[in-house]
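Here is what each chain is made of, one letter per residue.
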Amino acid sequence: MNFFKKNRKYISFYLSVLIFLLPISKSFAESKFDINAKSAILIDSSSGEIIYEKKAHERLHPASITKIMVLLLSMESIEKNEINLEDEVTISANAAGMGGSQIYLEEGEVQTVEELLMAICLRSANDASVAMAEYISGSEESFINKMNKRAKELGMKNTTFKNATGLPAENHYTSAYDISIMSRELLKYPKIHEWLTIWMKEMKVGKDKEIVQGLVNTNRLIKEYEGANGIKTGSTQDAGFCLAASAERGNLKLISVVLGCETSKIRFEESKKLLDYGFSNYESVTIARKNDVIDKVLVQKGNVEKADVVLEKDAYILLPKDSKAKVKKEIILPKSINAPVDKGKKVGEMVLSIDGKEIQKINLLINNTIDKAGFKNMFKKSFNKFLTQ
């Protein structure tokens, strides 16, 4: 107990969010609300909290929703500077030979990474998806291994990818919950929002770029639903009609997934129903922002006495609009740290809970690089300490 007291400090306070409304019983169970799909989920994109689910962990064919993982791995490769948007990609015979939804790329033609990614976002182009897979990993087979590895890293427990397109394949499956996980990860990249929200675009294809393809976004929510900003449609005979959708209004960002709908119209209607429910009944409360200075920590043997501690990411709490919940924010930090310390090093956590239930942990990072103190600096500190005794 003494050791714990010496090495940890707790700074806790309560944020009481009181919204006085007449009692409203709008829970799904009470209203017998149902979604006309084999599987569905609605989550808060900021916190990951589940608002609604229906057989969300059931393994189903995802069709072209598979390409969310292709887009995610592409964005991660760009962030790591492994590839660039301006890079030129030579289309292989394998990529050009993909059936289903495509932009009719020719073997040997050249397209930029950005053009191919936009073709995936708008047309759900299988040929563009395989071209990106081959460019990033050398072969589609190698890229599929990368897809499955990333799925495991993200905690997608009911997912196995067998291709980069979503075309029918034995043991190619995922779940609504897993799709929400990779969708949430993809939407962290601002650039992807630019492409996902384009309604119409023209693209020149062919070796001589003489053919103009008119690309219309397969996700009609982009045009029809307020705040819609993604993500991906999919349909095959085995999968039915599927949609991973996202929308943002104010602080509230939602992701919905419906799988196995009977018609294209139904998948859009049911997605709207999910999103409408979320926006009508919930709100996202901002606790703190990324890089906000949360506290300071003592530095031993450093060139500064104290270091600022900042949040790794934005902190939000999802609350029902008729809630009187008590939100607790707890800051956990060591009593001191030893120099040298690199900027961005994790030194603690912010723990958020609602009515005693822990819902989220956010890392606390050192805001600046701290060097070890030199002899003069150490002597000055010791002398000042001596004078104050």
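Refer to the structure printed above.
Predicted, not measured: the structure shown is a model, and the values here were computed from it. (Residues numbered from 1 in each chain as written. Predicted model: local features only at pLDDT ≥ 70, side-chain atom pairs only at ≥ 80, totals over all residues. Heavy atoms only, no water.)

A. How the structure looks around the overall build of the protein. The helix and strand tally for the protein stands at 12 helices and 18 strands. Among the 389 residues that make up the protein, the fraction classed as buried is 50%. Within the protein, contacts between residues at least 6 apart in sequence are counted, and of these 65% link residues at least 24 apart. When the accessible area of the protein is evaluated, it comes to approximately 19,300 Å², of which 48% is carbon and sulfur surface. (Helix = DSSP H or I, 4+ residues; strand = E, 2+ residues; numbered from the N terminus. Buried < 20%, exposed > 50% of the residue type's maximum accessible area, 1.4 Å probe, protein only. Contact = heavy atoms within 4.5 Å. Areas by Shrake-Rupley, 256 points an atom, 1.4 Å probe, with all protein chains shown as cover.)

B. Just the packing of helix α3 (residues 67–79) against helix α6 (residues 126–137), in detail. Contact geometry for α3 and α6: axes closest at 11 Å, N-to-C directions at 40 degrees. The angle between α3 and α6 falls in the class oblique. Where α3 crosses over α6, the two elements pack in a sense that is left-handed. For the pair α3 and α6, contact is made by Lys-67, Val-70, Leu-73, Ser-74 and Ser-77 and by Asn-126, Ser-129, Met-132 and Ile-136, respectively. (Axes fitted to C-alpha atoms, helices over the stretch in contact; angles between N-to-C directions. Parallel < 35°, antiparallel > 145°, perpendicular 65-115°, else oblique. Left-handed = near helix turned anticlockwise from the far one by under 90°.)

C. Region of interest: the pairing of strand β2 (residues 39–44). Across the 6 residues that make up β2, a large majority, 6, are buried. Along β2, one buried face is formed by Ser-39, Ile-41 and Ile-43 and the opposite face, lined by Ala-40, Leu-42 and Asp-44, is buried too. Two elements, β2 and strand β10 (residues 252–261), share 6 bridges in a ladder whose sense is antiparallel. In the strand pairing of β10, Asp-44 is matched with Leu-254. Where β2 and strand β3 (residues 50–54) come together, 4 bridges link them in antiparallel fashion. Looking across to β3, one finds that Leu-42 is bridged to Tyr-52. Between β2 and β3, which follow one another and run antiparallel, lie 5 residues, and Gly-48 among them has a positive phi close to 85 degrees. (Pairing = 2+ DSSP bridges.)

D. Local environment of the packing of aromatic side chains. Inspection of the entire model under this criterion finds 1 aromatic pair. Ring centres of Tyr-277 and Tyr-282 lie 6.3 Å apart, and the angle between their planes is 55 degrees; on these two criteria the pair is classed as tilted. Accessibility classification places Tyr-277 together with Tyr-282 in one group, the buried group. (Phe/Tyr/Trp six-rings, centres within 6.5 Å; stacked < 30°, edge-to-face > 60°.)

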